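Report on the structure
Here's the letter readout for the chains.
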Amino acid sequence: IEEKELEIRDLMDELPVKIIKILKEIGAIADKSQIRAYLIGGIIRDLLLGKGNNDIDIVVDGNPVELIKQLSDFFSAKVLYNEQFKTGSIKFADGLNIDLAGTRRENYHYPGALPEVTETNIFEDLFRRDYTINALAVALNSDKWGRMIDYFGGQKDLAEKKLRALHRFSFLDDPTRVIRGIRLASRLKFDFEKETEDLAREAVLAGDFSRLTSERIIKELELLFAEKINRRLLGLIKNIPVFKLLGIELAEGVDYWQQSTRLESWLEYLKEKNYNIEEWVLRLALFTDKLKKKDIVDWNLKERYKDILSFYLTARDLIETLDNDLDDLRLVDMLNEYKLEELVILLVKSGKVMVEKNIRRYINELKGIELAISGFDLKELGLNPGPVYKDIFDRVYRARLKGEVSTHQEELAYVKELLKERME
Ligand code: CTP
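All residue numbers refer to positions counted from 1 along the written sequence of the respective chain. At least 70 in pLDDT is required for a residue's local features to be given in this predicted model, at least 80 for side-chain atom pairs to be given and counted, and no such filter applies to totals for whole chains, interfaces and linings, which use all residues. Hydrogen atoms and water are omitted, and side-chain values are computed over all heavy atoms in the structure.

So, on to the overall build of the protein chain. Numbering of helices and strands starts at the N terminus; helices are DSSP runs of H or I of at least 4 residues and strands are runs of E of at least 2. Along the protein chain, the regular secondary structure elements total 21 helices and 12 strands. The quantity called the radius of gyration is restricted to C-alpha atoms. Its globule counterpart is 2.2 Å times the number of residues to the power 0.38. A compact globule built from 424 residues should have a C-alpha radius of gyration of about 22 Å, whereas the protein chain, at 28 Å, is more than 25% larger. Taking the principal axes of its C-alpha atoms as reference, the protein chain extends roughly 100 × 50 × 35 Å. Burial status across the protein chain gives 49% buried among its 424 residues. When checking whether two residues touch, look at their non-hydrogen atoms; a contact exists if any pair is within 4.5 Å. The contacts in the protein chain between residues at least 6 apart in sequence include a share of 68% that link residues at least 24 apart. For the area figures, the Shrake-Rupley method with a 1.4 Å probe applies, and any residue is considered shielded solely by the protein chains shown. Total accessible area on the protein chain is roughly 21800 Å²; 48% of this is exposed by carbon and sulfur atoms. We call a residue buried when its accessible area falls under 20% of the maximum for its residue type, exposed when it is over 50%, and partly exposed in between, using a 1.4 Å probe and counting protein chains only.

Let's shift gears to the sheet that holds strand S4 (residues 79-82). A pair of strands is treated as paired once DSSP finds two or more bridges between them. Spatially, S1-S10-S9-S2-S3-S6-S5-S4 is the arrangement adopted by the 8 strands of the open sheet, whose pairing is mixed. Sheet topology places strand S1 (5-7) and S4 at the edges, where each strand pairs with a single neighbour. The sheet shows a mean angle of 25° between the axes of neighbouring strands, taken without regard to direction. Two strands pair when backbone bridges link them, and strand S2 (residues 37-40) and strand S3 (residues 55-60) are joined in this way by 4 bridges, in the antiparallel orientation. When the sheet's bridge partners are listed, Leu39 is paired in S3 with Ile58. The strands touched by helix H2 (residues 17-33) within the sheet are S2, S3 and strand S6 (97-102), with S3 carrying the most contacts at an inclination of about 10°. Simply put, an axis is a line fit to the C-alpha atoms, just over the touching stretch for a helix, and the angle between two N-to-C directions goes from 0 to 180 degrees.

We now examine helix H11 (residues 231-239). Buried within H11 are the following residues: Leu233, Leu234, Leu236 and Ile237. In an axial view of H11, the angular spread of the buried residues amounts to 165°, which keeps them on one side of the axis. Opposite its buried face, H11 presents the exposed residues Arg231 and Lys238, each directed more than 90 degrees away. Of the surrounding elements, those touching the buried residues of H11 are helix H8 (176-188), strand S12 (191-192), helix H9 (194-206), helix H10 (214-224) and helix H12 (256-272). Here the arc refers to the directions that run from the helix axis out to each C-beta atom.

Here we take up the packing of H12 against helix H18 (residues 353-366). Contact pair H12 / H18: the axes reach a minimum separation of 13 Å and the direction vectors enclose 15°. Regarding the angle of H12 to H18, the classification is roughly parallel. When the axes of H12 and H18 are compared, the crossing they make is right-handed. Contact residues: Arg262, Trp266, Tyr269 and Leu270 in H12; Glu356, Arg360, Ile363 and Asn364 in H18. Geometric relationships in this document are graded by angle, where less than 35 degrees denotes roughly parallel, more than 145 denotes roughly antiparallel, 65 to 115 denotes roughly perpendicular, and other angles denote oblique. By convention the crossing between two helices is left-handed if the near helix lies anticlockwise of the far one by an angle smaller than a right angle, and right-handed if it lies clockwise.

Now for the pattern of salt bridges. Put simply, a salt bridge is a Lys or Arg side-chain nitrogen that is within 4 Å of an Asp or Glu carboxyl oxygen. Summed over all chains, the structure comprises 43 salt bridges. The closest approach of N and O atoms between Glu279 and Lys271, which form a salt bridge, is 3.6 Å. Salt bridges sharing partners connect three or more residues here, namely Lys293, Glu303, Lys306, Asp307, Lys339 and Glu342.

So, about the site of the ligand. A single heavy atom is enough: if one lies within 4 Å of a molecule or strand, its residue is considered near that molecule or strand. Taken together, 14 residues surround the ligand, and among them Arg45, Asp130, Asp174, Arg177 and Arg183 come closest. Between N or O atoms, a polar contact is any pair within 3.5 Å; within protein, one atom must be a potential hydrogen donor and the other a potential acceptor, and residues adjacent in sequence are included only when both atoms are from side chains. Interatomic distance of 2.9 Å between a backbone N/O atom of Asp130 and an oxygen atom of the ligand. Separating a nitrogen atom of the ligand from a side-chain N or O atom of Arg177 is a distance of 3.0 Å. In isolation the ligand has 570 Å² of accessible area, and contact with the protein removes 76% of it. Contributions of two or more residues to the shell around the ligand are made by helix H3 (42-48) and H8. Residues are grouped as follows: Ala, Val, Leu, Ile, Met, Phe, Trp, Tyr, Cys and Pro are nonpolar; Asp, Glu, Lys and Arg are charged; all remaining types, including Gly, are polar. Here the residues of the shell around the ligand are counted per class, giving no nonpolar, 5 polar and 9 charged. Residue ranges assigned to each domain were obtained from an automatic or database domain assignment. Counting the residues that make up the shell around the ligand, at least three belong to each of domain 1 (5-154) and domain 2 (161-247).

It is worth spelling out the domain arrangement of the protein chain at this point. Parsing the protein chain into structural domains produces domain 1 (5-154), domain 2 (161-247), domain 3 (251-322 + 331-366) and domain 4 (375-423). Just the C-alpha atoms count here: the centres of domain 2 and domain 3 sit 25 Å apart. Contacts between domain 2 and domain 3 engage 16 residues on the former and 14 residues on the latter. When domain 2 packs against domain 3, the two sides together hide about 1500 Å² of surface, and 72% of this comes from carbon and sulfur. On the surface where domain 2 and domain 3 come into contact, there are 1 salt bridge. Note that Lys228 and Glu268 form a salt bridge whose closest N and O atoms lie 3.8 Å from each other. On inspection of domain 2 and its partner domain 3, the count reaches 3 residue pairs in polar contact (both at pLDDT 80 or more). At the level of elements, H10 and H11 are the ones that each hand at least two residues to the side of domain 2 that touches domain 3. Per-element tally for the side of domain 2 that touches domain 3: the top contributor is H10, with 5 residues. Summed over both partners, the accessible area lost on bringing two parts together, with a 1.4 Å probe, is the buried area.

A separate point is the nonpolar core. Here, nonpolar core refers to any group of buried Ala, Val, Leu, Ile, Met, Phe, Trp, Tyr and Cys residues whose side-chain atoms link them within 4.5 Å. The biggest cluster of nonpolar side chains holds 115 residues, and the ones touching the most others in it are Met12, Leu23, Leu39, Ile56, Ile58, Phe225 and Leu322. Once you skip the residues sitting within four places of it in the chain, Leu322 turns out to touch Leu331, Met334, Leu335, Leu346, Met354, Val355, Asn358 and Ile359. One finds Tyr38, Val59, Tyr151 and Leu166 within the second-largest nonpolar core, a separate group that totals 12 residues.

Another point: the pairing of strand S5 (residues 87-91). Burial within S5 is extensive, with 4 of its 5 residues counted as buried. Pairing of S4 with S5 involves 4 bridges; the strand directions are antiparallel. Bridging from a neighbouring strand, Val79 pairs with Ile90 of S5. The hairpin turn running from S4 into S5, its antiparallel successor, is 4 residues long, and Lys86 in that turn takes a positive phi close to 55°. As consecutive antiparallel partners, S5 and S6 are separated by 5 residues, and within that stretch Gly95 has a phi angle of approximately 100°, a positive value.

Written out as structure tokens, the structure reads:
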């Protein structure tokens, strides 16, 4: 393969001043240590696309330890160093992150395995990567500053908006790359190159990924669904059934475009109202119509997320009941036990106007109303705990809903009034 070097000094000048300063320093340290240092990966892709990126990935063809040490001294910054992989990362308070590693080759012993890493040259380091547009490197040493290495036609694919895998086994080695690809395609509005898309689909359908952990897949899905769903993403997951990696089957006949548009506008609305919503789980939950809790007991995932993901299948009766005219108290009784995320799933997926109306009313007007009085107050008034407590709370609650009482004092006075009536 012919090495193609291109001069992109001018483009490098467009990076933020702080980043340029760091890269020059890295180049200078590398000069002194007589090793070659390269800027690599997503930041170059985004530079060529005119997009900002705060993740600096550096590789050196040699031992990175000295570079990592000197760089952290220079910036008086703390380094996380991984002895086994000889990689380090420096995090700055403003969100800037530098990852440093030696050039390495990765050998995958079985599909989806974590790779065995050996030292190698820059060519092989680039060749082990996922897509051509991510396999570009720019030299940082002073004699070569700003020279871009493009062995695999990454620049052409960038210009043609194409995602192209570097080799046939890329997705078998690491199927999480399929999800990364869908994320990139959907974010950058790129298409998969035809053969790459076929390889991705075949890998997902045919691969034996039983040893790939759900944790790694979910980590990628979390990144995928941190971003808004668009039509391109929906087209891609239809073509490349990537949820199969988790054993998730999409439902037939569901209009996911309509549902995701509704979801996005609800997420927007709830954000405005300062509700703290975990967006990625909800976006993923759009596609888990058929997921049962028992299917995912083994996943290394918060119980709360498992509940949300497996909620829809269990909600048939609830939807039926919600499809009626309900008074406030009944509505509150029914819905108080559900998570906001679960209610949003119903809003988006039930497809029933009445259900939506009820949940909207509950979220906007009723949710979060808590009585100021408690069982303690009733005890103070000489009442023994029992069904009478619920009776009283319901009455006070109604009074609250009607705006007749609002403070602790008023609620207490209202209870005393109730008790007096009872005595009479
Ligand atoms: N990479 C890979 N296979 C993976 C993960 C990462 O080949 N499963 C490679 C990609 O070439 C990527 C580089 O490692 O460019 C660094 O990974 P990461 O920082 O996760 O990706 P970026 O492209 O820098 O980040 P993003 O896509 O989120 O902007």
